[in-house]
Amino acid sequence: MTTLTHRARRTEVGKNSEKKVESEEDANQDRSQDNEDTEDSKDIRLTLMEEVLLLGLKDKEGYTSFWNDCISSGLRGGILIELAMRGRIYLEPPTMRKKRLLDRKVLLKSDSPTGDVLLDETLKHIKATEPTETVQTWIELLTGETWNPFKLQYQLRNVRERIAKNLVEKGILTTEKQNFLLFDMTTHPVTNTTEKQRLVKKLQDSVLERWVNDPQRMDKRTLALLVLAHSSDVLENVFSSLTDDKYDVAMNRAKDLVELDPEVEGTKHSATEMIWAVLAAFNKS
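None of these values were measured; they are calculated from a predicted model.

Parameters and conventions
- Residues numbered from 1 in each chain as written.
- Predicted model: local features only at pLDDT ≥ 70, side-chain atom pairs only at ≥ 80, totals over all residues.
- Heavy atoms only, no water.
- Helix = DSSP H or I, 4+ residues; strand = E, 2+ residues; numbered from the N terminus.
- Areas by Shrake-Rupley, 256 points an atom, 1.4 Å probe, with all protein chains shown as cover.
- Buried < 20%, exposed > 50% of the residue type's maximum accessible area, 1.4 Å probe, protein only.
- Polar contact = N/O pair within 3.5 Å; in protein donor to acceptor, adjacent residues only side chain to side chain.
- Axes fitted to C-alpha atoms, helices over the stretch in contact; angles between N-to-C directions.
- Parallel < 35°, antiparallel > 145°, perpendicular 65-115°, else oblique.
- Contact = heavy atoms within 4.5 Å.
- Nonpolar A, V, L, I, M, F, W, Y, C, P; charged D, E, K, R; others polar.
- Phe/Tyr/Trp six-rings, centres within 6.5 Å; stacked < 30°, edge-to-face > 60°.
- Salt bridge = Lys/Arg side-chain N within 4 Å of Asp/Glu carboxyl O.

K.L.:
Help me out: how do you make sense of the overall build of the chain in this one?
P.N.:
For the chain, the count of helices and strands is 13 helices and four strands. A total of about 14,900 Å² of accessible surface is found on the chain, and carbon and sulfur atoms cover 50% of it.

K.L.:
Sorry if this is basic, but what is going on with unusual backbone geometry here?
P.N.:
Residue E130 is joined to P131 through a cis peptide bond whose omega torsion reads -5°. Here the phi dihedral of N158 falls at roughly 55°; this positive angle occurs in a residue that is not glycine. Mapped onto the secondary structure, N158 falls in the loop between helix 6 (135-143) and helix 7 (159-169). Of note in the backbone geometry, S270 takes a positive phi value of approximately 70° without being a glycine. Structurally, S270 can be placed in the loop between helix 12 (262-265) and helix 13 (273-284).

K.L.:
Which parts of the structure should I look at to understand the side chain of S110?
P.N.:
Note on placement: S110 falls in the loop between strand 2 (106-108) and helix 5 (117-128). Residue class for S110 comes out buried when judged on its relative accessible area of 1%. Separated by 3.1 Å, the side chain of S110 and the backbone nitrogen of S112 make a polar contact.

K.L.:
Explain the packing of helix 8 (residues 193-207) against helix 9 (residues 220-231) to me, please; I cannot follow it from the model alone.
P.N.:
Packed helices, taken two at a time, are described by their axes: the angle between them and the distance between them. Contact geometry of helix 8 with helix 9 gives a least axis separation of 11 Å together with a crossing angle of 95°. One way to sum up the angle between helix 8 and helix 9 is to call them roughly perpendicular. Note on element contacts: helix 9 touches helix 8 through T222, L225 and L226, opposite L199, K202, L203, S206 and V207. Across the contact of helix 8 with helix 9, the residue classes tally to five nonpolar, two polar and one charged.

K.L.:
Help me understand the packing of aromatic side chains in this model?
P.N.:
For any pair of aromatic rings, the description rests on two quantities: the centre-to-centre distance and the angle between the ring planes. Summed over all chains, the structure comprises one aromatic pair. Centroid distance W138 to Y154: 5.5 Å. Interplanar angle 75°. Geometry classified as edge-to-face. Separated by 16 residues along the polypeptide, W138 in helix 6 and Y154 in the loop between helix 6 and helix 7 bring together distant segments of the chain. Here W138 and Y154 have matching classes, each one buried.

K.L.:
Looking at this structure, I do not really get the pattern of salt bridges. What am I missing?
P.N.:
Side-chain pairs of opposite charge can arise whenever the charged atoms involved come near each other. Scanning the entire structure with this criterion turns up 15 salt bridges. R162 is the salt-bridge partner of E121, the closest N and O atoms lying 2.6 Å from each other. Taken as a pair, E121 in helix 5 and R162 in helix 7 lie far apart in primary sequence, 41 residues in all. The exposure class of E121 is partly exposed, given its relative accessible area of 24%. One salt bridge in this structure joins E265 and K268, with 3.2 Å as the shortest N-O distance. Overall, K268 belongs to the partly exposed group, its relative accessible area being 36%.

As structure tokens, then:
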């Protein structure tokens, strides 16, 4: 599991520098998906998975850190949150027994296609699965971390490469081949640095100039991205360009955020339960 740590000094950072939506409520939920983050780029709309991968990529090299073993599961968590925010899935009601987030099943709300291949592939898996599964189980299944050979069919393959190709199509990345002595690897350097800088600044501002000290008052997609960036171990990339004092403030506030009790936060008014369920799953792993 990832941890939020303080860097030693700046010198060290330099080195490591439903076929139709079933009701008006569902339709409104889809429309709100398009209207969130009004300050975002009007020309480029990114999914949470694309944003997480973009944050994890080395700009010039075009690949994620070889030491990062968290980003794969982080991207799958992003898929679940994205589907929930688009009104396609939700957590079963807690009922009288008040089940914990990690005990509640992921249920289908609408099988209407999203237009994103990874999201639609996951949606088909969730629709076809009986009995239903929990958030933590779905992250494991989609990542391929299961000992059950009959459930390997749920694994999403080549996720990073498929997301990278989406970003290439959107003009943010390009495709190159690099030789690493014994093998060649396809890489995706960043070409649209403006879009990545916009994304980084949005997250920096969310814990600095625009810090509200209450996750329920934060923009939902920004909150989700902070949780996913932490879970994918790419949050250091977001804050590394800050001065030392701002870096410490940003890290401490992000740490306070991800160390909140998901069970408590998930029950609050207007909370997006899937965000907190995904955080609870990563906290347990």
